Amino acid sequence: MLTTSPPPLIVQAADEGRRLDAFLVKVFPKFSRARLQRWIAEGQVRVDGLPLSPAKRLRPGQSVQLTLPPPPPMGLLPELLPFELLFEDEDLLVVNKAAGMVVHPGAGNPRGTLANALLQHVQNGPHLSEAFRLGIVHRLDKETSGVLLVAKNEDAMVFLQRAFANRAVQKTYWALAWGCPPREGSFRTLYGRSPHNRLKFTSRVKRGREAVTHFRVLRQYDKLCQLELRLETGRTHQIRVHLSEAGFPLLGDKLYGGSQKNNARHMQRQALHAWKIAFEHPRTKRSMLFEAPLPEDMHTETKTWEQGETHGGQKKCF
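Nothing here was measured: the structure is a model prediction, and the numbers come from that model. (Residues numbered from 1 in each chain as written. Predicted model: local features only at pLDDT ≥ 70, side-chain atom pairs only at ≥ 80, totals over all residues. Heavy atoms only, no water.)

Participant: Even after reading the chapter, I still don't get the packing of helix α1 (residues 20-27) against helix α2 (residues 33-41), so can you show me in this structure?
Facilitator: A pair of packed helices is captured by two measures, namely the crossing angle of their axes and the spacing between those axes. Between α1 and α2, the shortest axis-to-axis distance is 9 Å and the interhelical angle comes to 125°. What the angle tells us is that α1 and α2 run oblique. The handedness of the crossing between α1 and α2 is right-handed. Of the residues in α2, those in contact with Leu20, Asp21, Ala22, Leu24 and Val25 of α1 are Arg33, Leu36, Gln37 and Ile40. (Axes fitted to C-alpha atoms, helices over the stretch in contact; angles between N-to-C directions. Helix = DSSP H or I, 4+ residues; strand = E, 2+ residues; numbered from the N terminus. Parallel < 35°, antiparallel > 145°, perpendicular 65-115°, else oblique. Left-handed = near helix turned anticlockwise from the far one by under 90°. Contact = heavy atoms within 4.5 Å.)

This is how it looks when you write it as structure tokens:
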């Protein structure tokens, strides 16, 4: 991989009429087409000294100069931290994130994140600093456990980002919630940040982005239910907000749980687990499906309710 800008390239007769971006992909196969197009748009590529569009057709004898942008500062450091790996190949990683682990460094969490652990895991690979700033293509809340998808190179990252944007990635969650919702249904709302609390989000907005959550009740107890939830969109706190504002807050949710926020018996977090993810592999185009087993705290909490330890047995709401 190039680390310094190459000398000017002279267009040969064989490349007459070739698009500028296609020419660069041919000459520099290690760089993705998306990255080269971005550099062209940013003026890092000049033809006979002039910036041109990616679609510009080339003529023999023209001089093409690529000036590599300076590398961004390296802010992510590798750390030896435990995490569960479900799958890995040359393009992606699938991880079972533990509850309590932050996905990426941020305010209040500069280190000890999943991104730090992943960088340590693959620190002998090429261009890791760039790959792992960009490669976490979706997030889970700190206290939400479960399956998480990570791209290992830019081509995979662009493919998966597009798949998420096109709602081609299926994400299924498992949860424990208070109350007795219908057997199945959907929430389809506008969504945005709460005007009253900047830490919270809400569906009770007049303008915002669309948020869609589908749910199905798996089992009903006296005052609690097991839910399977499928996200059509992936807004921050989406499941937590939709359930809470419908009157069925997650067990243990201290931000959206209202009066029920501290009523978990064995859990110190919201009872939400990213259970399954299904997607098309960025290179092979094969259908992929991965599941993250239920963590111990949610398993124990569920067993408590199944055995009737809390409210003396189950009661059907249907």
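Participant: Before we go on, may I ask you to explain unusual backbone geometry in this structure?
Facilitator: Positive phi is not limited to glycine here, since Asp48 has a value of about 50°. Position of Asp48 among the secondary structure elements: in the loop between β2 (45-47) and β3 (63-66). For Asp48, a relative accessible area of 46% gives the class partly exposed. Phi is positive for His237, close to 65°, though the residue is something other than glycine. In this fold, His237 is placed in the loop between β11 (224-231) and α6 (238-245). When its relative accessible area of 14% is taken as the criterion, His237 is described as buried. (Buried < 20%, exposed > 50% of the residue type's maximum accessible area, 1.4 Å probe, protein only.)

Participant: Would you mind going over the layout of surface pockets with me for this structure?
Facilitator: With a probe scaled to a water molecule rolled over the atoms, the places where space remains empty come into view. If you add up the space inside the largest pocket, you get close to 1000 Å³. Arg139, Leu140, Gly234, Arg235 and Thr236 are the residues nearest the centre of the largest pocket, which is lined by 37 residues in total. Elements represented by at least two residues in the lining of the largest pocket include exactly α5 (154-165), β7 (170-178), β8 (184-193), β11 and α6. Taken together, the residues that form the lining of the largest pocket break down as 15 nonpolar, twelve polar and ten charged. (1 Å grid on protein atoms, 1.4 Å probe; cavity = no way out; pocket = protein on both sides within 12 Å on 5 of 7 lines; lining within 4 Å. Points joined across faces, edges and corners; volume = space filled by probe spheres on them. Nonpolar A, V, L, I, M, F, W, Y, C, P; charged D, E, K, R; others polar.)

Participant: Can you walk me through the confidence of the model for the protein chain in this structure?
Facilitator: Detailed reading of the predicted coordinates is not advisable wherever pLDDT falls low. Looking at the protein chain as a whole, its pLDDT mean stands at 87, while 90% of the residues score no less than 70. The model gives residues 126-133 a pLDDT under 50, and that stretch makes 21 contacts with residues more than four places away or in other chains. Residue range residues 309-313 is modelled with pLDDT below 50. Its contacts to residues more than four positions away, or to other chains, number nine contacts. (pLDDT = per-residue confidence, 0-100.)

Participant: Would you mind going over the pattern of salt bridges with me for this structure?
Facilitator: Side-chain pairs of opposite charge can arise whenever the charged atoms involved come near each other. Evaluated as defined, the whole model comprises 18 salt bridges. Across the pair Lys26 and Asp15 runs a salt bridge, and its minimum N-O distance is 2.9 Å. Of the two residues, Lys26 is situated in helix α1 and Asp15 in the loop between β1 (9-10) and α1; the sequence distance between them amounts to eleven residues. Residue Asp15 is classed as buried on the basis of its relative accessible area of 5%. Residues Asp21 and Arg19 are paired through a salt bridge, measuring 2.8 Å at the closest nitrogen-oxygen approach. (Salt bridge = Lys/Arg side-chain N within 4 Å of Asp/Glu carboxyl O.)

Participant: I would appreciate a short explanation of the pairing of strand β5 (residues 92-97) in the present structure.
Facilitator: A regular strand places its side chains on the two faces of the sheet in alternate fashion. Most of β5 is tucked away: six of the six residues are buried. Burial of β5 is two-sided: the residues Leu92, Val94 and Asn96 facing one way and the residues Leu93, Val95 and Lys97 facing the other way are all buried. Hairpin connection, strand β4 (residues 84-88) to β5: the antiparallel pair is bridged by three residues. Examined bridge by bridge, β5 and strand β6 (residues 145-151) share six bridges and lie antiparallel to one another. Bridge pairing in β6 places Leu92 opposite Ala151. (Pairing = 2+ DSSP bridges.)

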